[in-house]
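Each chain, written out:
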Amino acid sequence: MEYHFKEIEKTWQAYWAKHKTFAAKDGGDKPKYYVLDMFPYPSGAGLHVGHPLGYIASDIVARYKRHKGFNVLHPMGYDSFGLPAEQYAIQTGQHPKITTEQNIARYREQMDKIGFSFDWDREVRTSDPEYYKWTQWIFIQLFNSWYNKQTQQAEPIETLIQYFETKGFNCKLDDTLTGDIEHELPAFTANEWKQFSEKQKSDVLMNFRLAYLGEAYVNWCPVLGTVLANDEVKDGVSERGGHPVERKLMKQWSMRITAYAQRLLDGLDGIDWTESLKEAQRNWIGKSEGCSLKFTIQNSTETIEVFTTRPDTIFGVSFVTIAPEHELVNKITTAQQKQLVDDYVTKAKNRSERERQADITKITGVFTGAYVLHPFTGNQIPVWVGDYVLAGYGTGAVMAVPAHDERDFRFAKHFSLPITQVIEPTISHDFEKDAWGEKDGVLINSDFLNTLPVKQAIKRAIEEIEKRGFGKGKINYRLRDAVFGRQRYWGEPIPVYYKNDIPYVLSENELPLVLPEVDKYLPTEDGEPPLARASSFKKDGEYAYEFSTMPGWAGSSWYFLRYMDPKNSQQFVNKDLANYWQNIDLYIGGSEHATGHLLYVRFWTKFLKDRGYIPVDEPAKKLINQGMIQGRSNVVYKVVGVWGGSNLTEEESEEISNVISKLPELFISKGHYDVITKYNNLVESNTPIDEEFRNKYNYISNEIEKKQEEYYKSTKSKIPKDDFWFSLGINSLVTQNVDVNIVQNDILTIEAFRKWRKYYENAEFILEDGKYICGVIDNEKMSKSKYNVVTPDSICEKFGADTLRLYEMFLGPLEQSKPWNTNGITGVHGFLKKLWRLFYQTGSFSVSDEAATKAELKVLHKTIKKVIEDIERFSFNTSVSTFMICVNELTDLKCNKRAILEPLLICLSPYAPHIAEELWKQLGHQDTITFEPFPECNESYLVDDSFNYPISFNGKTRFNLELAATLSPQEIESLVMAHENTIKYLDGKPVKKVIVVPKKIVNVVL
RNA sequence: GCCCCGGUGGUGGAAUUGGUAGACACGCAGGACUUAAAAUCCUGUGGCGGCAACGCUGUACGGGUUCAAGUCCCGUCUGGGGUACCA
């Protein structure tokens, strides 16, 4: 009987669904194991073969852990709010809900065909009101919390109110507070607090809430009509669609993720994520230690506060630069400079982020006319405005030390400002050409800091600055608070309403706040978000709800918790269940989420832990980034027919175009194309062409001429024959993409090609070796227009899901990106057929109950050992090889023994579950193979009696020598030295020493 | 610029702690079976030389450490990813 994968796979997929084989139990004696994939956004294009890569890997681990006796939670769901469905709705009017449901159905159908062991009863969808009810609920908890710096955790807002009621508030004294509000919030006493109006209280508390309404510079995308997060902007344009983005000051709901900056940094040390991913997060958080320092403005009580990491260079300050957006720009600018400064500021503001980034070498700035006083020397220091200083980072002002900072140096040179060296570098350095920015050297020209090395000077400077009250040691983060509102329709409504201009959150029993129906999915004529179109979208029919919706990352920041308790209508997750499942043991997904999703989900997890809802403060213990599978396109090379007659009548021209349009297309194989291209290049560059190569070219050109003749005859045209030819000129061969699904091993399936498009119906080919070989373009994105999309369904149809699973793993290391290429798939498919034949050696199913031989046991246990090792280190490609070796060896041994084949099937079942189940059943088992204990390696079968030693001389292996494993190194040495080959290679030379590494190598040093 | 990860046959890749480089698979060449095709099986396959035994050479390049280096160290080139007037 043949291996009929289609029936087998259909049968077992139905069996698993019917028996709910993969349903996770909430508790029990088994240890738990939680394997999670980053859930997909269900796009209209469906899944291509790249998407399941990570799912297959996680599925192998999930199934392996079930064999290992774990209670495995392996769920799947959909991140189903998002822009594409909304854009589609804008174009077609179809409700995004419907689009989303259709896409989900398609995704599900595709995933089911691959045989994943997901617990589908736990499916979640972020756009489901029963789900986003709890996303809204978490928002409310964030709104009702503040971050206490002393306890280093989030607390209920009530504790802060109590604090205000008893102690009032003074930002100069209270270290308790979060964010940058030390600069902004005026002090008040406990009594004043009690006198505050509700609005005043609300405004004050807004500075502390973890979800807050605040004014901030945001990335505004006019084309999309919405605000974008930093990680949604790439190179100054929107990540989705590539539309320009500008900076705009807006009132926005935001998340105070900055409060967690230090903990997000520290938490990285305790989790097993790749170093590159941790680095990306560290960079994103961007911690820098230094101090804040106030410069008093001359003839004023105002100060400019700067942040610097180099307080040691304080005596080298020659000017201060503030950002164009800085609030003091207007106040300090002198009358003479006003016009210049105003012009500059306007220009700078209109310059998009992209432009600013584009020409960083272009130095612009303008003097304000104002001076500040140096805190130590009292010297006058000019204040400049320059757009190299960013309003959003630090205090939006810098003290410029041109001798020791690259950008300050360029600025000073450009405007001829003084440059004062205050550090003597460790190596010679030309201060005319360059700044010395290294934290190395000894301080000079610096009063009390003189003679100190830089690192000590930094400490000493901060001490002195603090002592004299000029500023204080401070840590700055690059991380910004996350903007939480989007002016879009297809997202979670923010559960907030406004009463007397005060925002209030809904109470729990009012959730979910369901997305209202609207007539159009566009902003209103007044520029309000789409939700403003729903006239009845008001609390109690009276108070307007917030019109912004949540960003894409809201629902995904906690979904891993919902899988633990997906149907709970009372809580987002039951506490006992959260305690049982803890966090994700293995999380697999793409590296594109390094600074977006993975930062936000860590933030929300820490918050929920702080508030006592869950027991863990990191979402995932171990994380693997699967590589991207890129497209690989195939192309065919078309030869174009040309009519070259001159002085044609109109009639003739018409006939020509008529005839040409009816001619069959002619294609030449890749080898021919290469020859012609090379030939053309040689001719072009006047390079001499050798005989052999010219012959090759002539052969092809003759072949084409024959076709030409044929074509000409078939047209029965009156036009002279010489006027018609196929052009082989340098630019006249046309490269056309061809559907990769009708190409096998880069060989075009000609029949399929002729059927593929009507106009290729009669296509003709000039073959090489009887085949049409296509060209290849690697590393393109998979896209419809390139005809290089390969769906998992098409592979399942041709080769089966087990082949797809094995092949995707066999392609290479999981974490590596690679182009999709079906070339080797027959090898993997052949392996499964070979496995099948082990059970059908006699033609029908037959398995022997005889005891296994030593050789057979060795093959089996070698395989078990390797497969366990490989899974534990997530090296799935090598275990596929191991299975191949195993089956090859068992085939050589003609082994059909149950004692060998049964354990082998269990080992293979995580990788190729359908065939394993089927053969397991044929072996007479009633139950699924899923929970069979994974075989254990018995080392005693692996012990060899002898070892084949490579004998090397000065590190070069010369011959091999089979020696008993029990020999001592001394015995080995004397046997080797006495061997005739040794004597031959020594050639009478003296031996310096002999290295014997048991069971590895013998090296004779001459 | 800075940070991270890579560079191994015609191709994808293996070599886990420094110990026979190229496992496994594709492709290619030759052969068996077959009317033929498919399927299956066998042999060979880094390069150079040689009928062969075998020799030389070889993991981007140049050095170094070591009895021994794809693996460790230094420098250079190069590909990919992240990030940036971040003070």
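Definitions and limits used
Sequence positions are assigned chain by chain, starting from 1 and proceeding in written order. All chains are assigned letters beginning at A, and all ligands numbers beginning at 1, according to the order in which they are written. With the structure being a predicted model, the display of local features is reserved for residues of pLDDT at least 70 and the display and counting of side-chain atom pairs for 80 or more, all residues being used for whole-chain, interface and lining totals. To get the side-chain values, take all heavy atoms of the structure and skip hydrogens and water. Being paired, for any two strands, means DSSP has found at least two bridges between them. What counts as a helix is a DSSP run of H or I of at least four residues, what counts as a strand is a run of E of at least two, and both are numbered from the N terminus. Axes, fitted as lines to C-alpha atoms, cover a helix only where it is in contact. Angles between the N-to-C directions of the axes lie from 0 to 180 degrees. Contacts: residue pairs with any heavy atoms within 4.5 Å of one another. The cutoff for a nearby residue is simple: one of its non-hydrogen atoms must lie within 4 Å of the molecule or strand. Side-chain atoms alone can form a polar contact between residues adjacent in sequence; in general such a contact is a pair of N or O atoms within 3.5 Å, and within protein one must be able to donate a hydrogen while the other accepts it. Three classes are used: nonpolar for Ala, Val, Leu, Ile, Met, Phe, Trp, Tyr, Cys and Pro, charged for Asp, Glu, Lys and Arg, and polar for all others, with Gly counted as polar. Burial status follows relative accessibility: with a 1.4 Å probe on protein chains alone, a residue under 20% of its type maximum counts as buried, one over 50% as exposed, and anything between as partly exposed. Patch rule: a residue counts if its relative accessible area is over 30% and it has no salt bridge; like charges are joined within 9 Å, and nonpolar side chains (Val, Leu, Ile, Met, Phe, Trp, Tyr) within 5 Å. Computed with the Shrake-Rupley method and a 1.4 Å probe, the accessible areas treat only the protein chains shown as cover for residues. Any Lys or Arg side-chain nitrogen found within 4 Å of a carboxyl oxygen on Asp or Glu counts as a salt bridge. For crossovers, right-handed means that the path from the first strand over the helix to the second runs clockwise, given strands pointing away from the viewer. To estimate the expected span of a helix, subtract one from its residue number and multiply by 1.5 Å. Directions drawn from the helix axis to the C-beta atoms are what define this arc. Any angle that is under 35 degrees is reported as roughly parallel, and any over 145 degrees as roughly antiparallel; angles of 65 to 115 degrees are reported as roughly perpendicular and all others as oblique. By the definition used in this description, the sense in which the near helix is turned from the far one sets the handedness, with an anticlockwise turn below a right angle giving left-handed and a clockwise turn giving right-handed. Pairing of aromatic rings covers Phe, Tyr and the six-membered ring of Trp, with a centre-to-centre limit of 6.5 Å; geometry is then stacked below 30 degrees between planes, edge-to-face above 60, and tilted otherwise. Think of it as a cone above the ring: NZ of Lys or CZ of Arg counts as a charge over the ring if it is within 6 Å of the ring centre and within 35 degrees of the ring normal.

Asks: I'd like to hear about the sheet that holds strand 35 (residues 946-953), residue by residue, with values.
Replies: On the basis of which strands lie adjacent, the open sheet formed by four strands has the order 36-35-38-37 and mixed pairing. At either end of the open sheet lies a strand with only one pairing partner, and these are strand 36 (956-964) and strand 37 (993-997). Shown here is a sheet whose adjacent strand axes are inclined to one another by a mean of 20°, direction ignored. Pairing of strand 35 with strand 36 involves eight bridges; the strand directions are antiparallel. The partner of isoleucine 951 across the bridge, within strand 36, is phenylalanine 959. Most of the contacts of helix 31 (residues 969-978) go to strand 37, to which it runs at about 125°, and overall it touches strand 35, strand 36, strand 37 and strand 38 (1001-1005).

Asks: With reference to specific residues and values, describe the protein's contact with RNA strand B.
Replies: The immediate surroundings of RNA strand B are formed by 56 residues, with Thr309, Tyr393, Arg407, Leu811 and Gln816 found nearest. Between RNA strand B and glutamine 816 there is a distance of 2.5 Å, counted from a phosphate oxygen to a side-chain nitrogen or oxygen. Among the elements that take part in the surface near RNA strand B, helix 28 (residues 876-892) stands out by supplying six residues, more than any other. Taken together, the residues of the surface near RNA strand B sort by class into 20 nonpolar, 18 polar and 18 charged.

Asks: Outline the side chain of aspartate 119, supporting the account with residue identities and numerical values.
Replies: Mapping aspartate 119 onto the fold places it in the loop between helix 4 (96-112) and helix 5 (129-143). Here aspartate 119 falls in the buried class, since its relative accessible area comes to 3%. A distance of 2.9 Å separates the side chain of aspartate 119 from the side chain of arginine 122, its partner in a polar contact. When sequence neighbours within four positions are dropped, the list of residues in contact with aspartate 119 reads Phe22, Ala23, Ala24, His74 and Pro75.

Asks: Explain a nonpolar patch on the surface to me, and be specific about the residues and the numbers.
Replies: On the surface, Ile995, Val997 and Ile1001 cluster together to form a nonpolar patch covering roughly 190 Å² of accessible area. Mapped onto the fold, valine 997 is located in strand 37.

Asks: Break down the pairing of strand 24 (residues 586-589) for me, citing the residues and quoting the values.
Replies: Neither face of strand 24 is open: one carries Leu586 and Ile588, the other Tyr587 and Gly589, and all of them are buried. Bridging between strand 1 (residues 32-37) and strand 24 involves three bridges; their strand directions are parallel. Bridge pairing in strand 24 links valine 35 to leucine 586. In this sheet, strand 25 (residues 623-625) lies alongside strand 24 in parallel orientation, the contact comprising three bridges. Counterpart to isoleucine 588 in the pairing with strand 25 is isoleucine 624. Handedness of the strand 24-helix 19 (residues 597-610)-strand 25 crossover: right-handed.

Asks: I'd like to hear about helix 26 (residues 825-839), residue by residue, with values.
Replies: Because each turn of an α-helix spans 3.6 residues, side chains separated by three or four positions in sequence point in the same direction. Between its terminal C-alpha atoms helix 26 stretches 22 Å, which fits the 21 Å expected from 15 residues at 1.5 Å a residue. Of the residues making up helix 26, those classed as buried are Ile825, Val828, His829, Phe831, Leu832, Leu835, Trp836, Leu838 and Phe839. In a view along the axis of helix 26, the buried residues occupy a sector of 165°, so they form one face of it. Buried residues in helix 26 make contact with helix 1 (5-19), helix 24 (792-798), helix 25 (801-810), helix 28, helix 29 (898-908) and helix 30 (913-922).

Asks: Mind laying out the pattern of salt bridges, listing which residues take part and the relevant values?
Replies: All chains considered together, the criterion is met by 49 salt bridges. Measuring nitrogen to oxygen at the nearest pair gives 2.9 Å for the salt bridge that ties aspartate 59 to arginine 63. Here aspartate 59 and its partner arginine 63 are both found in helix 2 (residues 52-67), four residues apart, which amounts to about one turn of the helix. We note that aspartate 59, like arginine 63, is buried.

Asks: So, the sheet that holds strand 24: which residues are in play, and what are the values?
Replies: Strand order in this open sheet of four strands is 2-1-24-25, and the pairing throughout is parallel. Two strands bound the open sheet, and with one partner strand each, they are strand 2 (71-73) and strand 25. Taking the axes of each pair of neighbouring strands and ignoring which way they run, one obtains an average angle of 15° across the sheet.

Asks: So what about the packing of helix 27 (residues 854-872) against helix 29? Which residues, and what values?
Replies: Packed helices, taken two at a time, are described by the angle their axes make and the gap between the axes. Helix 29 packs onto helix 27 with a crossing angle of 15° between their chain directions and a minimal axis gap of 10 Å. Relative to helix 29, helix 27 is oriented roughly parallel. Our pair here, helix 27 against helix 29, has a crossing hand that is left-handed. In this structure, helix 27 uses Glu856, Leu857, Leu860, Thr863, Ile864 and Val867 to contact helix 29, whose residues at the interface are Ala899, Ile900, Pro903, Leu904 and Cys907. A breakdown of the residues in the contact of helix 27 with helix 29 according to their chemical character gives nine nonpolar, one polar and one charged.

Asks: Explain the packing of aromatic side chains residue by residue, including any values.
Replies: Scanning the entire structure with this criterion turns up 79 aromatic pairs. Seen from the ring of phenylalanine 143, arginine 209 lies directly overhead, with NZ or CZ sitting 3.9 Å from the centre. Over the ring of tryptophan 284 we find arginine 478; its NZ or CZ atom is 4.7 Å from the centre of that ring.

Asks: Describe the pairing of strand 12 (residues 319-322), naming the residues involved and giving the relevant values.
Replies: Side chains of strand 12 alternate between two faces, with Phe319 and Thr321 and Val320 and Ile322 buried alike. Two strands pair when backbone bridges link them, and strand 12 and strand 15 (residues 397-400) are joined in this way by four bridges, in the antiparallel orientation. Of the residues in strand 15, the one forming a bridge with threonine 321 is valine 398. Relative to strand 14 (residues 380-385), strand 12 runs parallel, the two sharing three bridges. Bridge pairing links threonine 321 to tryptophan 384 in strand 14.

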